Amino acid sequence: MRRLVPLVALAVVAGCSVGGEAPVDRTVVLVTHDSFDVDQAVLDEFEARTGITVAPRKSGDAGALTNQLVLTKANPIGDVAFGVDNTFASRALDEGVFAEYRSPEADKGPQRYAVDGSGRLTAVDVGDVCVNVDPAALGGEVPKTFEDLADPKYKDKFVVEDPATSSPGLAFLLGTVAHYGEQGWADYWGRLKANGVKVVSGWEEAYTQEFSGSSGKGPRPIVVSYASSPSAEVGEDGKARTAALLDTCFRQVEYAGVLNGAKNPEDAKKVLDFLLSEPFQKTVPEKMYVYPAREGVALPDAWTAAAPLPEQPATLPAADIAAQRQRWIEQWRSTVGG
Amino acid sequence: MAQHRRGLRPAAALAFAAVPLGFLAVFFAWPVAAIVRLGFGSGAAGVLRVLGEGATWRLVGFTLAQAAASTAVAVLAGLPVAFLLARVPGSALVRVAVLVPFVLPTVVVGLAFKALLPDGGVVAIVLANAFFNVAVVARTVGGLWAHVDRRAEDAARALGASRWRAFTSVTLPALTPALGSAAAVVFLFCATSFGVVLLLGGARHRTLETEIYLRTVELLDLPGAAALSLVQFLAVVGVLVVGAVARRRRENALSLRGQAETVRRPRGGEWVAAGLGYAVVVLLVVPIVTLVVRSFAGGTAGYEALAGTGFRGSLQVTGLEAALNSVRVATDATLLALVLGVLASVALVTLGRSRVRPGVVEAVDTALMLPLGVSAVTVGFGYLVTLDALPGDLRTSAALVPLAQALVVTPLVVRTLLPVLRSVDERLRQAAATLGAGPWRVWREVDVPLAGRSLLASAAFGYVVALGEFGATSFLVRPDTATLPVVIGRLVARPGELNNQMAYAACTLLMGVTVVIALLVERLRVRGVGEF
């Protein structure tokens, strides 16, 4: 049967009509990024209760997702989208990708991260990009702040991702911009460079190959990763072997919204409500390594110890990021040299 | 008329060609044109600005230079292996082993080369590209070499030519068509190589391919991406035209023999070539063995994990389901590509033998190769803005994955089949026709037996390419039908020791599947189409 698929597809192309749509289709296509994941039992319960079928369509990272939504806004590939983050939110809003919808669940925490007052995007989760350290490899002398990382004590110990090619790399750059301001950040990077910071193109290489605290057992004990990463590096004694530096974090917020031109907008709204509901929000730490946007949702035990949510992460307005990111990346390139 | 009776009529050939060309038009030309036009949407100014930048042309220069260097290394390393495959008995295992690099996900190979050459850079990029592509040269050239009549070479030797002289003046010219085909394919693969360039080159060594990706996906700069796609397209067409012209001058009829007549134990200086061949095979196998060893770093934990969905359910399918998905999708893609590739090859050969202008034949030939040279991102995003116009909205359909893979596999089938079909001695066909065989009978009795082996070789190769395809697949595939390379990419992108072990175990599984399938196809030739 399966081998017939291309032939059937060709037949479709050739103009033959194959099959037909069911008359009442309650499928909601959820366009999302590669990292989307949901607890099947929770999803099953929602589908059984509402009669809605959720069909996730994953495609690339947050950037690829945003651009796909922009390109298909005249005839969207789904009904609701999840995963546009605060570095891409302005672009999606400017292009009119999302329809207005204020979920009744939105004022239970997500409103804290609202991009603007229009209610087109609602925060689903937050995930902080923070410097991670391997205390054992550092002999217990662990840095704490941005400034410490430029200390000669940590020469040749730090590995970061290129902000031009990596999303955590960009978030860390934005964190330094927020911390040092437009005047000071380039100077800070000059000092990091003098202190032997290593730049690699992606998280995979930085974390799994260069970082000493991961399974790769690399040479460098300090890396840019996520606040949640230590929860995955728990030893046999149940304690995390690595730690996130909570004063170096930049907050990435992931949003969801109903798409303009959705075929099934009413059910799409219900799916958005579901993403904000307590049962779904409870699962986001384990499933997607992020923190719930909803208030009062308990974190898993492993997280409370190994990966608490940073209290005062740096942020920048989405509009500023959209306007300046390319210039910042180019200036970073000329400072650090890629 | 007399001429036409020997083969298919050109009109029939054109009808054959219409199927692959139509496929190409719908699933390649239209989407690419649409996305480029979108880049021009806000006026040509943005596109022209990018074309006017010196940085753009440095990008073009580096792209072509690294592709040329990678191709040179792959050809030099591939030739001795081709000799092994063609002339040394007992090389069936080598034939299968060289295929393995092709299925490895670029992120894994990139990380392996980065560990080997920590500074990365141009050398690492060239070596990694060559590592992937030695198989193309070895198998394409080896396929033809196996059938090159040994007697001409022996005659040259008997007349006093040195072994080297006999090789360069007799054997090499006979191999040129296959060599040209292989070099063209390798060049296109290297020019559009994405994963390893991004990983090993970082921001310093960028190519058109990585820059198109960054501009399309991260910077959302469509005019810039359109400008670069246009440049990439023109560069690829330029290279293909040069290749076609070079082939036109060289292609000639060979008297092909069955492999049983040409294989024998190497003698004297031939051992040097065989030794070089074995050395290359060892170099190819070392990174593979390293990966296998790494998959056992945590004992068998990684392999046990293949039955599940990763650390805290990182995946929506188990490793084993992903393997099944891979096999299913690759089967669809290969069958489709074989149909398209055979139709195209027969059409091209028939047109080449008829009075149709050679320019037309070359234009069709070049068009079929283009999908190898254009960015998967451009095609993928092109699908988004075009395919909704077709009934059934294929944009989000699972059927799109094998279709996109077939786009990449079809040119490989054509490139493997065409040199052999073209080398069929016209006198054999004339003799058959004189003896009363109709056009179909001539094909069945002469061309098919001679090309059958190449067809199977190209099927095995195409299958392996489809199995390993990552760029287009990761963009189009749905999570519940994820293939092994996609699953590996996803596991590597997550923290947690188990995910890492599972990723390497999945690599080993992927290599195992590849070897089994290649062996099965190799066996087919014994029971299937005979040789002479």
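Residues numbered from 1 in each chain as written. Chains lettered and ligands numbered in written order. Predicted model: local features only at pLDDT ≥ 70, side-chain atom pairs only at ≥ 80, totals over all residues. Heavy atoms only, no water.

By the naming in an unreviewed UniProt entry, chain B goes by Thiamin ABC transporter, transmembrane component and is assigned to Actinokineospora spheciospongiae. The Sequence similarities (unreviewed entry) field of the UniProt record for chain B holds the comment "Belongs to the binding-protein-dependent transport system permease family." (UniProt positions renumbered as here; feature names shortened; annotations may be inferred.)

Looking at an unreviewed UniProt entry, one finds chain A named Thiamin ABC transporter, substrate-binding component, with Actinokineospora spheciospongiae as its source organism.

## Structural notes on the overall build of chain B
A tally of helices and strands in chain B yields 25 helices and 0 strands. The globule rule puts the C-alpha radius of gyration for 532 residues at 24 Å, and the 23 Å found for chain B is close to it. Expressed as a percentage of the 532 residues in chain B, the buried residues total 60%. For chain B, long-range pairs separated by at least 24 residues make up 82% of all intrachain contacts whose partners lie at least 6 apart in sequence. As displayed, chain B offers around 19,600 Å² of accessible surface, 68% of which is attributable to carbon and sulfur atoms. Here chain B carries 46 positive and 28 negative side-chain charges, and the mean point of each set is 7 Å from the other. (Helix = DSSP H or I, 4+ residues; strand = E, 2+ residues; numbered from the N terminus. Rg over C-alpha atoms; globule rule 2.2 N^0.38 Å. Buried < 20%, exposed > 50% of the residue type's maximum accessible area, 1.4 Å probe, protein only. Contact = heavy atoms within 4.5 Å. Areas by Shrake-Rupley, 256 points an atom, 1.4 Å probe, with all protein chains shown as cover. Lys, Arg positive; Asp, Glu negative; His and termini not counted. Charge placed at Lys NZ, Arg CZ, Asp CG, Glu CD.)

## Some details on the interface of chain A and chain B
At the junction of the two partners, chain A supplies 55 residues and chain B supplies 58 residues. When chain A packs against chain B, the two sides together hide about 5,200 Å² of surface, and 56% of this comes from carbon and sulfur. Summed over the shared surface of chain A and chain B, the number is 1 salt bridge. For B:K114, the salt bridge identified is with A:E205, shortest N-O distance 2.8 Å. Counting the contacts that link chain A with chain B gives 6 residue pairs in polar contact (both at pLDDT 80 or more). Elements with a minimum of two residues in the side of chain A that touches chain B: α1 (5–13), β2 (53–58), α3 (62–71), β6 (198–200), α7 (203–210), α9 (278–288) and α11 (318–336) of chain A. Partitioned by chemical class, the residues of the side of chain A that touches chain B number 21 nonpolar, 16 polar and 18 charged. (Buried area = accessible area lost by both parts, 1.4 Å probe. Salt bridge = Lys/Arg side-chain N within 4 Å of Asp/Glu carboxyl O. Polar contact = N/O pair within 3.5 Å; in protein donor to acceptor, adjacent residues only side chain to side chain. Nonpolar A, V, L, I, M, F, W, Y, C, P; charged D, E, K, R; others polar.)

## A word on the state of the cysteines
Residues and elements named next belong to chain A. For the structure on display, the rule yields 1 disulfide over all chains. Between the sulfur atoms of C130 and its disulfide partner C249 the distance amounts to 2.0 Å. Negative torsions about the S-S bond denote left-handed disulfides, and the value of about 110° found for C130 with C249 makes this one right-handed. Residue C130 is located in strand β4 (residues 122–133), and its partner C249 is located in the loop between β8 (243–244) and β9 (250–258); the two are separated by 119 residues in the primary sequence. (Disulfide = S-S within 2.5 Å.)

## Some words on the side chain of B:T192
Residue and element names in this part refer to chain B. Mapped onto the elements, T192 comes out in the loop between α10 (163–191) and α11 (195–201). Engagement of the side chain of T192 in a polar contact is seen with the backbone oxygen of L372, the distance being 3.3 Å. Excluding residues within four positions of it along the chain, T192 makes contact with E209, Q232, L372, G373 and V374.

## So, the packing of aromatic side chains
Scanning the entire structure with this criterion turns up 25 aromatic pairs over all chains. Residues B:F102 and B:F189 carry aromatic rings whose centres are separated by 5.6 Å and whose planes lie at 65° to one another, so their mutual orientation is edge-to-face. Residue B:F102 is found in helix α6 (residues 100–103), and its partner B:F189 is found in helix α10; the two are separated by 87 residues along the sequence. For the pair B:F102 and B:F189, a shared accessibility class is recorded, and that class is buried. Looking at A:R325, its charged tip hangs above the ring of A:F88, at a distance of 4.5 Å from the centre. (Phe/Tyr/Trp six-rings, centres within 6.5 Å; stacked < 30°, edge-to-face > 60°. Lys NZ or Arg CZ within 6 Å of the ring centre and 35° of its normal.)

## Looking at helix α4 (residues 54–87) of chain B
Note on helix geometry: an α-helix contains 3.6 residues per turn, so any two residues three or four positions apart are oriented the same way. End to end, α4(B) covers 49 Å across 34 residues, agreeing with the expected 50 Å (1.5 Å per residue, within 8%). At B:G78, α4(B) is deflected by roughly 30°, the largest bend along its length, and proline B:P80 occurs up to four residues later in sequence. (Expected span 1.5 Å × (residues − 1). Bend = angle between axes of the 7 residues up to and from the residue.)

## Regarding the domain arrangement of chain A
Residue and element names in this part refer to chain A. Per the domain assignment, the segments making up chain A are domain 1 (24–126 + 252–306) and domain 2 (128–250 + 314–336). Inter-centroid distance (C-alpha atoms) of domain 1 to domain 2 is 28 Å. Listed by partner, the interface residues are 12 residues for domain 1 and 19 residues for domain 2. Both sides of the domain 1 and domain 2 interface together cover about 1,300 Å² of buried area, and 56% of this is carbon and sulfur. Considering only the side of domain 1, the residues that lose the most area to domain 2 are T87, Q252 and A306, jointly responsible for 44% of the buried surface there. Put simply, domain 1 and domain 2 have 0 salt bridges between them. Applying the counting rule to domain 1 against domain 2 returns 6 residue pairs in polar contact (both at pLDDT 80 or more). Going through the elements one at a time, α4 (89–94) and α10 (301–306) are the ones with two or more residues in the side of domain 1 that touches domain 2. (Domains from an automatic or database assignment.)

## Considering α7(A)
Among the 8 residues in α7(A), 7 count as buried, and that is most of the element. The complete set of buried residues in α7(A) reads A:W203, A:E205, A:A206, A:Y207, A:T208, A:Q209 and A:E210.

## So, the nonpolar core
One finds A:L69, A:F98, B:V141, B:W145 and B:Y383 to be the most contacted residues of the largest nonpolar core, which totals 201 residues. Each of domain 1 (24–126 + 252–306) and domain 2 (128–250 + 314–336) of chain A accounts for three or more of the residues forming this core. Once residues lying within four places of it in the same chain are set aside, the contact partners of B:V141 are B:L79, B:A82, B:L175, B:A178 and B:L179. Ranked by size, the runner-up nonpolar core spans 34 residues in total, among them A:Y154, A:L173, A:V197 and A:A314. (Core = buried A, V, L, I, M, F, W, Y, C linked by side-chain atoms within 4.5 Å.)

## Notes on the packing of helix α17 (residues 319–353) of chain B against helix α22 (residues 439–468) of chain B
All names here are of chain B. For the pair α17 and α22, interaxial distance at closest approach is 9 Å and the crossing angle is 140°. By crossing handedness, the relation of α17 to α22 is classed as right-handed. Where α17 abuts α22, its residues S326, V327, A330, T331, A333, T334, L338, V342, V346, V349, T350 and R353 lie against W443, D447, L455, S458, A459, G462, Y463, A466 and L467. Of the residues in the contact of α17 with α22, the class split is 13 nonpolar, 6 polar and 2 charged. (Axes fitted to C-alpha atoms, helices over the stretch in contact; angles between N-to-C directions. Left-handed = near helix turned anticlockwise from the far one by under 90°.)

## Considering the pattern of salt bridges
Residues and elements named next belong to chain B. Applying the stated criterion across every chain yields a total of 27 salt bridges over all chains. Ionic pairing is found between E270 and R150, a salt bridge with its closest N-O pair at 3.3 Å. Note that E270 is positioned in helix α15 (residues 270–295) and R150 in helix α9 (residues 150–158), a separation of 120 residues in sequence. Neither E270 nor R150 differs from the other in exposure class; each is buried. Ionic contacts of the salt-bridge type, sharing partners, join the residues R206, E211, R215 and D221 into one network.

## Things to note about the environment of B:A77
Residue and element names in this part refer to chain B. Tracing the backbone shows A77 in helix α4. Between the C-alpha atom of A77 and that of M502, which follows or precedes it by 425 residues, the distance is 32 Å. Beyond its immediate chain neighbours, meaning those up to four positions away, A77 contacts V134 and V280.

## Digging into the confidence of the model for chain B
Residues and elements named next belong to chain B. When pLDDT is averaged along chain B, the result is 82; 92% of the residues meet or exceed 70. Looking over chain B, one finds the lowest element-wise mean pLDDT in helix α1 (residues 2–5), namely 44, and the highest in α4, namely 92. Every residue in residues 1–6 is under pLDDT 50, and counting partners more than four places away or in other chains gives 11 contacts. Counted against residues more than four places away or in other chains, residues 526–532, with its pLDDT under 50, gives 13 contacts. (pLDDT = per-residue confidence, 0-100.)

## Re unusual backbone geometry
All names here are of chain A. Unlike most non-glycine residues, D156 shows phi in positive territory, near 60°. Along the chain, the position of D156 falls in the loop between α5 (146–149) and β5 (158–161). Phi is positive for Y289, which is not a glycine, with a value near 60°. In this structure, Y289 sits in the loop between α9 and β10 (291–292).

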